Amino acid sequence: MKPNQLTPRQERFAHEFVVDRNATAAAIRAGYARRGAESAGSRLLTNIKVAHRIAELTEAQVERIKFTADDVLREVQLLATSNIADFMDATTGGVVQNLSELPRDVLAAIESIKETRSANGEVVRTLKLYNKVQALRVAGTHVDVGAFLEKLEV
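Residues numbered from 1 in each chain as written. Predicted model: local features only at pLDDT ≥ 70, side-chain atom pairs only at ≥ 80, totals over all residues. Heavy atoms only, no water.

Considering helix α5 (residues 69–80)
The terminal C-alpha atoms of α5 lie 16 Å apart, and with 12 residues this matches the ideal 16 Å at 1.5 Å per residue to within 8%. All buried positions along α5 are accounted for by Asp71, Val76, Leu78, Leu79 and Ala80. The secondary structure elements touched by the buried residues of α5 are α6 (104–107) and α7 (132–143). (Helix = DSSP H or I, 4+ residues; strand = E, 2+ residues; numbered from the N terminus. Expected span 1.5 Å × (residues − 1). Buried < 20%, exposed > 50% of the residue type's maximum accessible area, 1.4 Å probe, protein only. Contact = heavy atoms within 4.5 Å.)

Next up, the structure:
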């Protein structure tokens, strides 16, 4: 084995870690014992050669999928700034009947659509939007590191 080369299990761990960013699960999938997987994963992440390989694999993954942190934040922004009024029909006060007329960015906030029949036979559409508070929390922790401090270290 060359000085900078990883063992086969370390290489497998690096590939598995990039899948879900879970060190314990990656260690198990890479063949480390389940009982010691948490400490093995933690130890592997501090290994400079493994960390370098994970960085290489992550960079290659980002390049392949063309999905960046900015893309994620843009989606979070869409959810955080969503407004139920965007889905309301001004004349009926109900949900817009033709959702395809709404902009794609507005539609991105919809988690689910449910249609039921009322007692008089009319179709009633119910929209559920993604969790706005959660999106705001994610946005707040990214934009302003101190906005949602869990604990203060001195």
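Observations concerning the packing of aromatic side chains
Scanning the entire structure with this criterion turns up 1 aromatic pair. Considering the side-chain rings of Phe13 and Phe17, the 6.0 Å spacing of their centres and the 25 degrees angle between planes classify their relative orientation as stacked. Residue Phe13 and its partner Phe17 are located together in helix α1 (residues 8–20), separated by 4 residues, close to a single helical turn. The pair formed by Phe13 and Phe17 is uniform in burial state, with each residue classed as buried. The ring of Tyr32 has Arg9 sitting right over it, with the charged end atom 4.0 Å from the ring centre. (Phe/Tyr/Trp six-rings, centres within 6.5 Å; stacked < 30°, edge-to-face > 60°. Lys NZ or Arg CZ within 6 Å of the ring centre and 35° of its normal.)

Topic: the packing of α1 against helix α4 (residues 48–65)
At a closest axis distance of 9 Å, the pairing of α1 and α4 adopts a crossing angle of 40 degrees. Here α4 runs oblique to α1, going by the angle between their axes. Of the two elements, α1 crosses α4, and the hand of that crossing is right-handed. On α4, the residues that touch Gln10, Glu11, Phe13, Ala14, His15, Phe17 and Val18 of α1 are Val50, Arg53, Ile54, Leu57, Thr58 and Gln61. (Axes fitted to C-alpha atoms, helices over the stretch in contact; angles between N-to-C directions. Parallel < 35°, antiparallel > 145°, perpendicular 65-115°, else oblique. Left-handed = near helix turned anticlockwise from the far one by under 90°.)

Points about the pairing of strand β2 (residues 123–129)
Pairing analysis gives 7 bridges linking strand β1 (residues 110–117) to β2, with the strands arranged antiparallel. Across the sheet, residue Glu115 finds its bridge partner in β2, namely Arg125. Between β1 and the antiparallel strand that follows it, β2, lie 5 residues; Gly121 among them carries a positive phi value of about 90 degrees. (Pairing = 2+ DSSP bridges.)

None of this, on its own, says anything about what the molecule does.
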